[in-house]
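# Breakdown of the fold
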Amino acid sequence: MIKKCICISMFFLLVFASCNFIKDAVITDTERPFNGLYTGEYLNHIAFPIGGIGAGMVCLEGTGALSHVLVYNKPAIFNEPKMFAALSVKGLDHGAKVLEGPVPDFKIFGCPNNGNGTGAANTSYGLPRFNHAEFESRFPFGMVKLKDADIPMDITITGWSPFIPLDADDSSLPCGALEYTFRNTGKSEINAVYSYNSEHIMRVLSKLGAIISIRPHKNGFILSSRDRKSDSELNGDFALFTTDTATLVDHCWFRGRWFDPISITWKHIEEANPRISEPVEQDAPGASLYIPFKLMPGEIKTITLLFAWYVPNTSLRIGEDVKSDQQQCSSEVDFEFPFYRPWYASKFKNIHEVTDYWMTYYDDLKERTELFTEAFYSTTLPDEVIEAVAANLTILKSPTVLRQYDGKLWGWEGCMDDWGSCHGSCTHVWNYAQAIPHLFPSLERSLRETEFLVNQDEKGHQAFRASLPIRKTDHGFHAAADGQLGGIMKAYREWRISGDDEWLGNLFPFLKKSMEYCIKTWDPRETGTLEEPHHNTYDIEFWGPNGMSTSFYLGALRAIIIICEYFNEDTGRYQALLDKGTEAMKGTLFNGEYFHQRIMVEGLHEPSPIESARELPRSVYSDEALVLLETEGPKYQYGTGCLSDGILGMWMARVCGICDEIIDTDKVISHLESVYKYNFRTDLSDHPNPQRPAYALKHEAGLLLCTWPKGDAPSLPFVYSNEVWTGIEYQVASHLSMVGLNTKAMDIVRACRQRYDGRIRNPFNEYECGHWYARAMASYGLIQGLTGVRYDAVTKTLYIDSRVGNDFDSFFSCNSGFGNIGLKKGVPYIRMVSGSLYVEKCIVSGKEFYLNERKLFH
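Thresholds, definitions, all that
- Residues numbered from 1 in each chain as written.
- Predicted model: local features only at pLDDT ≥ 70, side-chain atom pairs only at ≥ 80, totals over all residues.
- Heavy atoms only, no water.
- Pairing = 2+ DSSP bridges.
- Helix = DSSP H or I, 4+ residues; strand = E, 2+ residues; numbered from the N terminus.
- Axes fitted to C-alpha atoms, helices over the stretch in contact; angles between N-to-C directions.
- Buried < 20%, exposed > 50% of the residue type's maximum accessible area, 1.4 Å probe, protein only.
- Parallel < 35°, antiparallel > 145°, perpendicular 65-115°, else oblique.
- Left-handed = near helix turned anticlockwise from the far one by under 90°.
- Contact = heavy atoms within 4.5 Å.
- Nonpolar A, V, L, I, M, F, W, Y, C, P; charged D, E, K, R; others polar.
- Disulfide = S-S within 2.5 Å.
- Expected span 1.5 Å × (residues − 1).
- Bend = angle between axes of the 7 residues up to and from the residue.
- Polar contact = N/O pair within 3.5 Å; in protein donor to acceptor, adjacent residues only side chain to side chain.
- Arc of directions from axis to C-beta.

## Considerations on the sheet that holds strand β17 (residues 300-310)
Strands sit in the order β1-β7-β8-β9-β10-β17-β14-β13-β12 across an open sheet of nine strands; the sheet is antiparallel. For this open sheet the edge positions go to β1 (38-39) and β12 (211-217), each flanked by a neighbour on one side alone.

Here it is as structure tokens:
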């Protein structure tokens, strides 16, 4: 039975109304609870993404400002055009203010792109603002509460865009909304004017030859850019409009030099005297919309500002095209366009179709989004876990993710300020990301189809970076061992989540070919370990068998064995390799505390690294590097080190539903405890990090990628080894929970979220090699780590293996619906709020449990 949805926006209004604002409250580290309000200095760096999957974004800041405006299919981090809402209350001194809290101090001088050296001239920072702001996130809703002694109102801004699990299309719309709710807290009637004001955010394209104009739209306006070519990337529209029929529009700000346009615009705002003007064909510097309104004491009014964009063409084409002499997988079909085009261009022909859809289905989209939000936050899981999971769902609304014209998903690893970082849905980075397969399984399956049907050649070599548009690619670089082996496990996961035998059957021949390539290339002696040098997520090659890569190998072998058995094919060779690898992990690759690397350079098929290096130019391998090579072996290994990713493949096997542990459980626990003991630091001020220190430093806590507690650290260990990555922190934490070490797990999660608390870093942007880094979606695995909840659609079996006791409630999403699953006094229950779940068997902590003969849950 569908649970009745609580109106999210009204709920948050009541929450904010109950908050006591203290004018000069001092907020300390411990006063901001996880998943709670952000106030004071915690508002500094908040930028909360609003937009669709692969469509672009606009960020709502903790103060109510908009920034990171990205609508041209590429990153534009820190892009903060003059866009602001304002309120003018007639009859009050200081009654005209921008509907934002105070400008964060760092922006006054240090914010990029704002012309700080000339006084931040191209900003609205100098206009009056509200004295107090608070921010709260209930993804995908971000709420700002404003208050000021000059204006007798409680004001709430709720920013959001559709996010509906399983409905990838309605979650990929190029749109968003800001709902401004005003409540008269005074004793007399308020007569006010609301306005939204924007410079022409497409104006920058005029330098590239585009013609800009501001066109009419019902209850608003369209900021438009046009080129003479119909397929030009300079063609684009950004619409701002309301649902209020009383809206008045100034289609063209006062035209003049210096600060004339904003000066005249503010004059009209301050006087509560809307300026009305007709559209002009070009050279309009900006536009405003105005809504006059009155409020009696205690009365509430909500003004809904809608925005949408439409930029259907790009010049984005990335990746090496296939060479004519390379054989490709016969199933490959080239994409029909030479350049990337966003998915929404296939659904809508122009900006008006986008805005019509957004207005027509606004209430329905909001209600279905609220169903998700209510279910997600109706949980008893720790607040720090919910905060970590929700914060990284924003990655799906960021420029890290693209969705091409035919609907296929594609991603960067992250994004730099104005360009994508490391292209191609990189398989070894996206291994960690656990959110999409559960929330949008059809999109995740498209990643597997790209990997095995497009990026894999006839030899089984898989390019770990997909080209864009998705098409045949060059195979001249290494395959990535962890990425390719992880792909086999993920294909197994997608099958169990979807229950789609036909989909798996189509992929099966390519899975086997991939597995054969991995064996032949990295384990030609068939030892059950990866001996030959193999590329991996640290952007280098490991020489010799090690715990991390071999654990991936074992997980992939176990997955392919189960699949072969399902299709009645022989598994003897794979089983023999699995047995050998399991023995090696228990023996030579375990030092009594943790799994390590046995560096190996002799007896391999690969030529000696020493001889190879001597043949390279000295600019590539210097004389001093040769000395190190001869005395220590190849650069960038970890040897006796305790690697946080040291049994990453076993975590992958568990989250993919392949098995609990292939390797002896006691040894897995020992490794995880060693990672916590040696790699988790509560204070990094004395930790030397010559690599990329800003992820965690000074007195912050974090989990290091690797340490050498036994000594013998290489002079040049693998690159990044001294760093802290949130994606690895989350995978270790969720694995710790899986084996019952919750206290240690939560220490790591709390440390991570304390670093991203808004004071120094954006709480909604966990970065690594770029903003909104995909690896951080490992945080979704914390849900499975704590609850053990997993649904197998092939066998119609629900698994629960709780690490949080016999009473818990948790969000749950699968291929057929979403809702909540939990235990009450050890008895399982299912509450689907959207879709359904068919359960034939329920396994609770290894024991079969009957759900009162009920099988279909709606």
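## Structural notes on the sheet that holds strand β6 (residues 96-98)
Within the open sheet, the five strands sit side by side as β6-β5-β11-β16-β15. Their pairing is antiparallel. At either margin of the open sheet sits one strand with a lone partner, and together these are β6 and β15 (248-250). Averaged over all pairs of adjacent strands, the angle between strand axes in this sheet comes to 20°, irrespective of strand direction. Sheet topology places β15 next to strand β16 (residues 286-295); three bridges connect them, and they run antiparallel. Residue V249 lies in a different strand from β16, and its bridge partner there is L289.

## Considering the pairing of strand β14 (residues 236-242)
A regular strand places its side chains on the two faces of the sheet in alternate fashion. Among the seven residues of β14, seven are classified as buried, and the element is accordingly described as predominantly covered. By the alternation rule, side chains of β14 split into G236, F238, L240 and T242 and D237, A239 and F241, which are all buried. With six bridges connecting them, β14 and β17 associate as antiparallel partners. Residue pairing across strands places T242 opposite L305, the latter belonging to β17.

## What to know about the packing of helix α7 (residues 383-393) against helix α20 (residues 742-755)
Two numbers describe how α7 lies on α20: the axes approach to 9 Å, and their chain directions differ by 55°. Taken as axis vectors, α7 and α20 run oblique relative to one another. Considering how the two elements wind past one another, α7 and α20 form a crossing that is left-handed. Contact residues: α7 offers E384, V385, E387, A388 and A391, while α20 offers M746, V749, R750 and R753. A per-class count over the contact of α7 with α20 returns five nonpolar, no polar and four charged.

## Re the pairing of strand β7 (residues 132-138)
Here β7 lies mainly inside the structure; seven of its seven residues are buried. Going residue by residue along β7, you find H132, E134, E136 and R138 tucked away on one face and A133, F135 and S137 tucked away on the opposite face as well. With two bridges joining them, β1 and β7 adopt antiparallel strand pairing. When the sheet's bridge partners are listed, Y38 is paired in β7 with F135. Relative to strand β8 (residues 141-148), β7 runs antiparallel, the two being bridged by seven bridges. Within β8, the residue paired with A133 across the bridge is L146. Here β7 folds back onto β8, and the loop between the two strands holds two residues.

## Remarks on the packing of helix α12 (residues 501-522) against helix α14 (residues 572-586)
In the contact formed by α12 and α14, the axes pass within 13 Å of each other and the chain directions differ by 45°. Compared by their axis directions, α12 and α14 come out oblique. Along this stretch, α12 crosses α14, giving a crossing that reads as left-handed. Counting all contacts with α12, which are made through K512, M515, E516 and I519, the residues of α14 involved are R573, Y574 and L577. Classifying every residue of the contact of α12 with α14 gives four nonpolar, no polar and three charged.

## Some words on the state of the cysteines
Scanning all chains against the criterion turns up zero disulfides. Free cysteine C175: the closest other cysteine sulfur is in C59, separated by 15 Å. Considering cysteine sulfurs only, C422 is the nearest to C769, which forms no disulfide, with 4.0 Å between them. When its relative accessible area of 17% is taken as the criterion, C769 is described as buried.

## Observations concerning α12
Here α12 is 22 residues long and its end C-alpha atoms lie 30 Å apart, about the 32 Å a rise of 1.5 Å per residue gives. Residue L507 marks the point of greatest curvature in α12, where the axis turns by about 45°; the proline P509 follows within four residues. Among the residues making up α12, those that are buried are W503, L504, L507, F508, F510, L511, S514, M515, Y517, C518, I519 and W522. The elements touched by buried residues of α12 are α10 (441-453), α11 (481-498), β22 (534-535), α13 (547-566) and α14. For α12, the N-terminal capping position is held by D500, with its side-chain oxygen 3.1 Å away from the main-chain nitrogen of E502.

## Comments concerning the environment of T537
Mapped onto the secondary structure, T537 falls in the loop between β22 and β23 (541-542). Residues T537 and S195, 342 residues apart in the sequence, show an inter-C-alpha distance of 49 Å. Beyond its immediate sequence surroundings of up to four residues, T537 is in contact with H428, V429, Y432, D482, M548 and R775. Among the polar contacts made by the side chain of T537, one reaches the side chain of R775 at a distance of 3.0 Å.

## Here's the deal with helix α5 (residues 351-360)
All buried positions along α5 are accounted for by I351, V354, T355, Y357 and W358. Each buried residue of α5 sits inside an arc of 160° when the element is viewed along its axis, so together they form one side. Capping the start of α5, N350 holds a side-chain oxygen 3.0 Å from the backbone nitrogen of H352, two or three residues further along.

## A few points about the environment of A480
Among the secondary structure elements, A480 is positioned in the loop between α10 and α11. Residues A480 and H461, 19 residues apart in the sequence, show an inter-C-alpha distance of 9.3 Å. Dropping the residues within four chain positions of it, A480 is found in contact with H428, F464, W522 and H535.

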